[in-house]
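Chain residues, written in single-letter form:
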Amino acid sequence: MRPVATSSQMRTAEEKVFAEQQGVDLMGRAAEAVVSVARVMAPSGPVVVAVGPGNNGGDGLFAAATLAAEREVLLWLAMGTAHEAGLAAASEAGCREVDGVEATESLVDASLVLDAVLGIGGRPGLPDDLVTFAAAADSLGVPVLAVDLPSGLDTDSGAMHPSFRADCTVTFGAPKPCHVIGDASERCGDVVVADIGVPVADTGLWVAQQSDVALWWPVPGPDSHKYTRGVVGLDAGSASYPGAALLSCAGALHAGPGMVRYLGGAPQTLVLARFPSIVMADGRVQAMVLGSGWGDLDDAASRLAGAVERGVPLVLDADALRLLPSDLPENSLLTPHAGELARMLGIERDAVDTDPMGSAREAASRFGATVLLKGGTQYIATPSGNVTLAVRGPAWTGQAGSGDTLAGMCGTLLAAGLQADRAAVLAASLQAMTASHHPGPHPPDVLASFFPEVIAGLLDAALGPIATE
């Protein structure tokens, strides 16, 4: 996992490096990283550099000085001033200064725009002339490389503001919240995290990567059997909502359990006709999933109380979230969407949408359980306050039934013995990654059928080829 650093955390990390390494040239290292990516994005052709007054502009100016040895580079001092040493280096290297009008007109022939206007210290939004310039680059299809973040975004949030739309962003030390959260992340393009020698400590916010999924996925060994691999009990679905039973079964089965016991109220013949390996009898379980497709069951409270008495970790989804007990078993997981989380906290939906990460943290603390807040960005918050962002995928998964499938997956992973936060990260990430590998509007149960293929591919890539004599 990568730590995600806020602007203040990043400044603290940089200040520590400056204090410990007198004369260290972090700006030079940042510029080198920008040049490396720029050469890949546009091996040749003119570059238009929009420059701001601060250190972000300095990074761009030193990068421009290097690029000017290879091609034409135009500089627009978008705020009227620029980093003094960087501007001197760029001018000496042959970069030509232009005004905003010429910079915009030059986009017709440009191979790349370098956005070095505002960095982590910038305010959200852009002046009108920069809005015009950024929109022109976008409409002409000129690739945009942002230095640290697309100018105009708020470093520490996922909120949308007038900004550049980058094809790629080179950031330093660690991703920032705007790179990985909400609508803002869609403006960042591919995010390259360059190591410039600024270690970032545990920030309390992490973003999962595909390599983490491969590393953490529970893989059976030669002595494994159904009980060591984990038995999950599913109390999902009902006579009114039998589809939820099939969807949660699909998620649980295709995530690789030792056994699935179906304990819900949907017709057993329906479940067995679709999934003959499922056991229709109560017995030993190592985790349970409850609530998906319950509807208005008269015995919902007693069902939940009975599950709590088992003492195994629980996944509570959908209708079970209306009945949260005060004595949840250790290592339990709650899987609300934003509307359900708002109801759990007694707040308006808009409040969750405005601060999803803070809302997830509040719920985890209040209920003493890990919370997986579902959505375009999926937040996994623990009672201790740590938050991990799952691997992101396409928006195709935003459809009815995806949550039921996800809950079943989480149950399988809890039954395998994983901690709730890790189980949630793996399940949410796998669903997103599978949608990326199999694009298109696949319904959730069909998407679940691809889980084994994606898991196998991840594990093969992580292990590499087996050496033979």
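Note that the structure is a prediction, hence the values are computed from the model and not measured. (Residues numbered from 1 in each chain as written. Predicted model: local features only at pLDDT ≥ 70, side-chain atom pairs only at ≥ 80, totals over all residues. Heavy atoms only, no water.)

(A) Up close: the nonpolar core. Ranked by size, the top nonpolar core spans 51 residues in total, and within it Trp217, Leu234, Tyr262, Val271, Ile278, Leu333 and Leu372 carry the most contacts. At the level of elements, helix H9 (210-216), strand S10 (231-235), helix H11 (242-254), strand S11 (259-262), strand S12 (287-290), helix H17 (402-415), helix H18 (420-437) and helix H20 (451-463) are the ones that each hand at least two residues to this core. When residues of this core are assigned to their parent elements, the largest contribution, 9 residues, is made by H18. Contacts of Ile278, omitting those with residues within four sequence positions, involve Cys249, Leu253, Val260, Tyr262, Val271 and Leu272. Counting residues in each nonpolar core, the second largest holds 48 residues, with Ala33, Leu153, Val170 and Phe172 among its members. (Core = buried A, V, L, I, M, F, W, Y, C linked by side-chain atoms within 4.5 Å. Buried < 20%, exposed > 50% of the residue type's maximum accessible area, 1.4 Å probe, protein only. Helix = DSSP H or I, 4+ residues; strand = E, 2+ residues; numbered from the N terminus. Contact = heavy atoms within 4.5 Å.)

(B) Spatial organisation of H20. Taking 1.5 Å of rise per residue, 13 residues should cover 18 Å, and H20 covers 18 Å from first to last C-alpha, within 8% of that figure. Considered for burial, the residues of H20 that qualify are Phe451, Val454, Ile455, Leu458 and Leu459. Relative to the axis of H20, the buried residues are bounded by an arc of 130° and lie together on one face. Opposite the buried face of H20, by more than 90 degrees, sit the exposed residues Asp460, Ala461 and Leu463. In this structure, the buried side of H20 is in contact with H9, H11, H17, H18 and helix H19 (444-449). (Expected span 1.5 Å × (residues − 1). Arc of directions from axis to C-beta.)

(C) Highlighting helix H14 (residues 338-345). Burial runs high along H14: 6 of the 8 residues are buried. Check the buried side of H14 and you find it contacts strand S14 (333-334), helix H15 (349-354), helix H16 (356-367) and strand S15 (370-373). Where H14 ends, the next residue or the one after it, Gly346, has phi of about 70°, a positive value.

(D) Representation of the state of the cysteines within the structure. Applying the stated criterion across every chain, the model contains 0 disulfides. Of all cysteine sulfurs in the structure, the one in Cys188 sits closest to Cys168, which takes part in no disulfide; the separation is 10 Å. Cys410 forms no disulfide, and the closest cysteine sulfur to it belongs to Cys249, at a distance of 15 Å. (Disulfide = S-S within 2.5 Å.)

(E) Here's a closer look at the sheet that holds strand S7 (residues 168-172). Taken in spatial order, the 7 strands of this open sheet run S4-S3-S2-S5-S6-S7-S8, and their pairing is parallel. Looking at the sheet topology across the chains shown, the edges are occupied by strand S4 (96-98) and strand S8 (190-194). Mean inter-strand twist for the sheet, computed between neighbouring axes without regard to direction, equals 25°. The strands touched by helix H2 (residues 26-41) within the sheet are strand S5 (112-116), strand S6 (144-147), S7 and S8, with S7 carrying the most contacts at an inclination of about 160°. (Pairing = 2+ DSSP bridges. Axes fitted to C-alpha atoms, helices over the stretch in contact; angles between N-to-C directions.)

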